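Fold and contact review
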Amino acid sequence: MKVLVTGGAGFIGSFIVEEIIKLGWEPIVVDDLSTGNLSFVPKNTPFYNIDIRSQSLEQVFRMHNPQVVIHQAAQVSVEFSSRQPFTDCEINTLGTLNILKLCAKYKVSKLVYASSAAVYGIAKEVPITENHSVLPISFYGLSKYSAEQYIHLYQQLYGLNYTILRYSNVYGMRQNMHSEAGVVSIFVNKAIKEQQLTVYGDGNQTRDFVFVRDVAKANIQAVTYMGNETFNISTNQPVALNELIAVLQQSLSQPLEIIYADPRAGDIKDSYLSYARAKQLLKWEPQIAFETGINETVEYYQSLVRN
Ligand SMILES: NC(=O)c1ccc[n+]([C@@H]2O[C@H](COP(=O)([O-])OP(=O)(O)OC[C@H]3O[C@@H](n4cnc5c(N)ncnc54)[C@H](O)[C@@H]3O)[C@@H](O)[C@H]2O)c1
C-alpha cells in the first residue's frame, strides 16, 4: 500500500514512516524541511522537498497515486502563530485544503490528519473528551480546527474518508526544541549539558505527555479504521512539570538546577485528555510508561552529545 506522509522528515512523521516500512507498506515523504531533517527519512524512501501549499504537490500525487495520505506537515508553534497568524493559516488551513483537493482528485481512499488538543482551548472539565467544546485560544489551535472542518466537508461533499487524531503533548526522540510541546526535549537537552532548567510558574501545572512511538502506532491504526471519526491520542494522565523533573533526575542519576520564574501569560494550567474513544473504536491505547519513554529519550539525546 502506498502511503504519502506529509511532514515525514519531522519528529512524529519520521516515526510514522518507520512503522509504515515495518508493515511492508510503501511510504512517500513530502516535507519542506522547515523544521524537519532529511536524516530522519529512511534511505530509499521517495522524498520530495515541496511545500504543501504549492501547485507542484500535484506531481507527487500524479506520479505515485497514494491510497492513503497521513498529513503531519504543519506550522507547529503556538508562539509563531500569534506573531504570524496569516502564515500559520496559510500552512495549516490552506495547505491542508491543497492536500484535500488533491486527495479528492486522485481518489485517495483515506486521509489521516494530525490535529491537536489546542483546538479545545481552556479545559472546562478534565479529562477532556472529544465532546468537549472547541474554543481555541491560539491562532494555531484555530488553524488546526479550521482544517478539521474542511476535512469534514470534503467527506460530505466528495466522500473522502478521514480519521482526525487530536494529540496531547507528544514527546520523545528527534523532537525539535521549537515545537509545540518542546518542554521535554528542552529539559532533557539542558539537563544532559548540566544547564539550569527554567520553570515558568510553580511547576505544578500539568500536561498529558504521550510518547512518539505510541502516536505513530495510532496513525497506523487509523489507516485501516473504517469510519470517519475524531480521536484524542493521549494518556489520560496529568503529569506536573515537577514530576517530569523528578523522573529526569532519576533517569540521569544527577540533581538538576531549577529556576522558578513568573508564569507566562496564556499558559494553560492543567490539561489531560481521555483516550477512551480511541481505545474502544481504534483499538489503540498508549503502551509506553512515562519513565520508559523518558529513559529512551534521554539515551537518544545523550548519544547525540557523545557523537
Ligand atoms: N508535537 C506535539 O506535541 C504535537 C501536539 C499536537 C499536534 N501536533 C501535530 O503533529 C504534527 C507533526 O508535528 P511535529 O511535532 O512532528 O513537528 P515537526 O515540526 O517536527 O514536524 C512538522 C514537519 O512538517 C514540515 N513542514 C512544515 N511546514 C511545511 C510546509 N509548508 N510544507 C511541507 N512541509 C512542512 C516540517 O519541515 C516538519 O518536518 C503537526 O501537524 C502538529 O500540528 C504535534
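Residues numbered from 1 in each chain as written. Predicted model: local features only at pLDDT ≥ 70, side-chain atom pairs only at ≥ 80, totals over all residues. Heavy atoms only, no water.

This brings us to the pattern of salt bridges. In this structure the tally under the stated criterion is 10 salt bridges. For Asp51, the salt bridge goes to Arg53, with nearest N and O atoms at 2.7 Å. Assessed through its relative accessible area of 22%, Asp51 is described here as partly exposed. Linking Arg83 and Glu79 is a salt bridge whose minimum nitrogen-to-oxygen distance equals 2.9 Å. Of this pair, Arg83 and Glu79 both sit in helix α3 (residues 78-83), four residues apart, which is roughly one turn of that helix. Accessibility expressed as a relative area gives 48% for Glu79, which makes it partly exposed. (Salt bridge = Lys/Arg side-chain N within 4 Å of Asp/Glu carboxyl O. Buried < 20%, exposed > 50% of the residue type's maximum accessible area, 1.4 Å probe, protein only. Helix = DSSP H or I, 4+ residues; strand = E, 2+ residues; numbered from the N terminus.)

Another point: unusual backbone geometry. Looking along the chain, the bond that leaves Val126 and enters Pro127 is cis, with omega of -5°. You can see Pro127 is positioned in the loop between β5 (110-116) and α5 (139-158). Residue Ser253 is not a glycine yet carries a positive backbone phi of 50°. Note that Ser253 resides in the loop between α8 (241-252) and β13 (258-261). Even without being a glycine, Lys283 presents a positive backbone phi close to 60°. Along the chain, Lys283 falls in the loop between α9 (276-282) and α10 (290-306). We classify Lys283 as exposed; its relative accessible area is 63%.

Here we take up the site of the ligand. Neighbouring the ligand are 31 residues, the closest being Asp31, Thr35, Gln72, Tyr140 and Lys144. Here a nitrogen atom of the ligand sits 2.9 Å away from a polar atom, N or O, in the main chain of Ile52. Val170 places a main-chain nitrogen or oxygen 2.8 Å from an oxygen atom of the ligand. For the ligand, the protein covers 99% of the area, taking 820 Å² as the surface of the free molecule. (Near = heavy atom within 4 Å. Polar contact = N/O pair within 3.5 Å; in protein donor to acceptor, adjacent residues only side chain to side chain. Areas by Shrake-Rupley, 256 points an atom, 1.4 Å probe, with all protein chains shown as cover.)

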